[in-house]
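# Inside the fold
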Amino acid sequence: MGSADGVWRTSGQDDPCPFWDDDGQGYLVTTHYAGGYKIHLFKLSEDGKSLVGPSTVIHQSPGSEAN
């Protein structure tokens, strides 16, 4: 996500899961296993096709995954 073709070119991330809050705001949660298994929360654009701003780390523990 985030590129012109709608594909996020990255490595070290797995278990992505999009979800929408009650107010309609979309988010993407993913685990950065290559960076110590930090679980990141990204805000999505209004159309849900790109990431907005930096992520927020919402959890970290050894081997955490399966968002």
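These lines cover the structure that appears in this document, whether it is placed above or below. Here the structure is a predicted model, which is why all the values come from computation and not from measurement.

## A short note on the pairing of strand β2 (residues 26-32)
The element β2 is extensively covered by neighbouring structure, given that 6 of its 7 residues are classed as buried. Pairing between strand β1 (residues 13-20) and β2: 6 bridges, direction antiparallel. In the strand pairing of β2, W20 is matched with G26. The antiparallel pairing of β1 with β2 creates a hairpin that spans 5 residues between the two strands, and G24 there sits at a positive phi of about 90 degrees. Pairing of β2 with strand β3 (residues 38-44) involves 6 bridges; the strand directions are antiparallel.

## Side note on the environment of Y37
Along the polypeptide, Y37 turns up in the loop between β2 and β3. Residue classification places Y37 among the partly exposed residues on the basis of a relative accessible area of 29%. In this structure the C-alpha to C-alpha distance between Y37 and Q13, which are 24 residues apart in sequence, comes to 9.0 Å. Once you skip the residues sitting within four places of it in the chain, Y37 turns out to touch T31, H32, H59, Q60, S61, G63 and S64.

Basis of the calculations
- Residues numbered from 1 in each chain as written.
- Predicted model: local features only at pLDDT ≥ 70, side-chain atom pairs only at ≥ 80, totals over all residues.
- Heavy atoms only, no water.
- Buried < 20%, exposed > 50% of the residue type's maximum accessible area, 1.4 Å probe, protein only.
- Helix = DSSP H or I, 4+ residues; strand = E, 2+ residues; numbered from the N terminus.
- Pairing = 2+ DSSP bridges.
- Contact = heavy atoms within 4.5 Å.

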